[in-house]
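Per-entry structural report
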Amino acid sequence: MAAHTSQSVAKAAGDGVGDDAGARGRSRRTDSRNPGGLRRALATHWYAWAMIAPVVLVLGVIIGWPLVRGIYLSLTDANERNVSRTIGARHIEATYEFVGLDNYAAVLSDPVFLQRLVWTVMWTVACVSVTFTLGLVLANMLNRDFRGRAAYRMALILPWAVPGFVSVFAWRFLFNRDSGILNKILDGGGIAAVPWLDDPTWAKFSVITVNVWLGVPFMMVALLGGLQSIPGELYEAAEMDGASAWQRFRHITLPGLRAVSMTVILLSTIWTFNMFPVIFLLTRGGPGDSTEILVTQAFREAFVESPRDFAGSATWGVLILAVLMIFALVYRRSLRKQGEVW
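Presented here is a report on the structure given in the accompanying data block. These figures come from a predicted structure and were not determined experimentally. (Residues numbered from 1 in each chain as written. Predicted model: local features only at pLDDT ≥ 70, side-chain atom pairs only at ≥ 80, totals over all residues. Heavy atoms only, no water.)

Secondary structure summary: the protein contains 15 helices and two strands in total. Contacts in the protein between residues far apart in sequence, at least 24 positions, make up 65% of those at least 6 positions apart. Entry remark: accessible area of the protein is about 21500 Å², with carbon and sulfur atoms responsible for 65%. (Helix = DSSP H or I, 4+ residues; strand = E, 2+ residues; numbered from the N terminus. Contact = heavy atoms within 4.5 Å. Areas by Shrake-Rupley, 256 points an atom, 1.4 Å probe, with all protein chains shown as cover.)

Take the packing of helix H10 (residues 232-240) against helix H11 (residues 245-256) next. Remark: H10 packs on H11, axes separated minimally by 11 Å, with the N-to-C direction vectors making an angle of 150°. Classified by the interaxial angle, the pair formed by H10 and H11 is roughly antiparallel. In this structure, the crossing between H10 and H11 has a hand that is right-handed. Taken together, the residues of H11 that come into contact with H10 (itself represented by Leu-234, Tyr-235, Ala-238 and Glu-239) are Arg-248, Ile-252 and Thr-253. (Axes fitted to C-alpha atoms, helices over the stretch in contact; angles between N-to-C directions. Parallel < 35°, antiparallel > 145°, perpendicular 65-115°, else oblique. Left-handed = near helix turned anticlockwise from the far one by under 90°.)

Looking now at the nonpolar core. In this structure, Trp-123, Val-207 and Val-210 are the most contacted members of the largest nonpolar core, which totals 31 residues. Of all the secondary structure elements, the ones that give two or more residues to this core are helix H4 (102-109), helix H5 (111-142), helix H7 (164-174), helix H9 (200-228), helix H13 (276-282), helix H14 (294-303) and helix H15 (310-337). With six residues, the top contributor of residues to this core is H9. Residue contacts for Trp-123: discarding those within four places in its chain leaves Val-207, Ile-208, Asn-211, Thr-272, Met-275, Val-278, Ile-279 and Ile-293. Grouped together as the second largest cluster of nonpolar side chains are 15 residues, Phe-218, Leu-223, Leu-224 and Ile-252 included. (Core = buried A, V, L, I, M, F, W, Y, C linked by side-chain atoms within 4.5 Å. Buried < 20%, exposed > 50% of the residue type's maximum accessible area, 1.4 Å probe, protein only.)

The next subject is the side chain of Asn-103. Mapped onto the elements of the fold, Asn-103 is located in helix H4. A relative accessible area of 16% means that Asn-103 is categorised as buried. Dropping the residues within four chain positions of it, Asn-103 is found in contact with Leu-73, Ser-74, Leu-75, Thr-76, Ala-311 and Thr-315.

Evaluation of the coordinates by the stated rule reveals 18 aromatic pairs. Measuring from ring centre to ring centre gives 5.5 Å for Phe-113 and Trp-316, while their planes differ by 55°; the resulting arrangement is tilted. Here Trp-316 lies in helix H15 and Phe-113 lies in helix H5, a separation of 203 residues in the sequence. Judged by relative accessible area, Trp-316 falls into the buried class, the value being 4%. On the basis of an interplanar angle of 80° and a centroid distance of 6.4 Å, the ring pair of Phe-165 and Phe-169 is categorised as edge-to-face. Of this pair, Phe-165 and Phe-169 both sit in helix H7, four residues apart, which is roughly one turn of the helix. Judged by relative accessible area, which is 47%, Phe-165 ranks as partly exposed. Feature note: the residues Trp-171, Phe-175, Trp-196, Trp-202, Phe-205 and Trp-213 constitute an aromatic cluster, connected by ring pairs. Directly above the ring of Trp-119 sits Lys-204, whose terminal nitrogen or CZ lies 5.0 Å from the centroid. (Phe/Tyr/Trp six-rings, centres within 6.5 Å; stacked < 30°, edge-to-face > 60°. Lys NZ or Arg CZ within 6 Å of the ring centre and 35° of its normal.)

Now for a nonpolar patch on the surface. On the surface, a nonpolar cluster with roughly 670 Å² of combined accessible area is contributed by Val-55, Leu-57, Val-58, Leu-59, Val-61, Ile-62 and Ile-63. By the element assignment, Val-55 lies in helix H3 (residues 46-73). (Patch = residues over 30% accessible without salt bridge, like charges linked within 9 Å, V, L, I, M, F, W, Y side chains within 5 Å. Salt bridge = Lys/Arg side-chain N within 4 Å of Asp/Glu carboxyl O.)

To continue, consider unusual backbone geometry. Of note, the bond from Gly-286 into Pro-287 is cis; its omega dihedral lies within 30 degrees of zero at 0°. Considering the arrangement of structural elements, one finds Pro-287 in the loop between H13 and H14. Residue Pro-307 follows Ser-306 across a cis peptide bond; omega there is -5°. Checked against the element boundaries, Pro-307 lands in the loop between H14 and H15. Located in the positive-phi region is Arg-284, a residue other than glycine, with phi close to 55°. The exposure class assigned to Arg-284 is partly exposed, which follows from its relative accessible area of 48%.

Structure below.
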């Protein structure tokens, strides 16, 4: 009887402790939903908020305001004739009007948009795939011990260190039809001069070549860092088990580089999609408009054509942003399906 009574008391005490713990848990959950929790977090971590505040402010000024302004202009009929401007001592007020989605309807129904989009996608896929392949090959070569490895690394990184516009102008000199070094070499071998920048097909090949030249060093360095993070014991164990070089590359190297690869491919895609300097400085979108991509078309609308169409340029810019956001979302979803967290 005494034993039974003591067990009942212990059980009641345990239930009371459990009820108290549950009440405390519910109380914590209620407090977390309370707006006062945010104030306490700000008061506790004020130093962290103070340190990121300048960055948020700068990003808001440099990126946020132009983005909002661009979206607004894309909904108007703004051009150089109806925007506010000052001529001498006279200030002319803006007279452009809100037109809603008319600009988007006009751009999307124009066959020029589809032409620019198709070539931009082809240009991006070609550049990223070739850059990744060459970067992976060079990273595997430099990941081995051999004499002069540091010198080779410096030589391969050099195109990345040189300013982009300098590299593009150097390549433009090489591609010159009459006095370019490449055609001089071909002429010495009895081969006719190639119209590198004067023929649409060769011009597309040329801009892809230059962009690959500029992008390989970054890809190589990133993938080399990923290779050096793979434990060497995995290769030793696989070699002892009789795995061939291809099998080691397929089952150890590629899975080990997956995290790095998905990041550099995404970054390279976004950079290439918006690679204005190579196209503009090398071919200016020519010959004709054969190498014009979406971003150079937006530039042409705002700064080349007359009257300058600021609303149309903003519309192209917003559409470029939308395309990249859709790509990023699809890319993220595909990675999540493969079990990758991003």
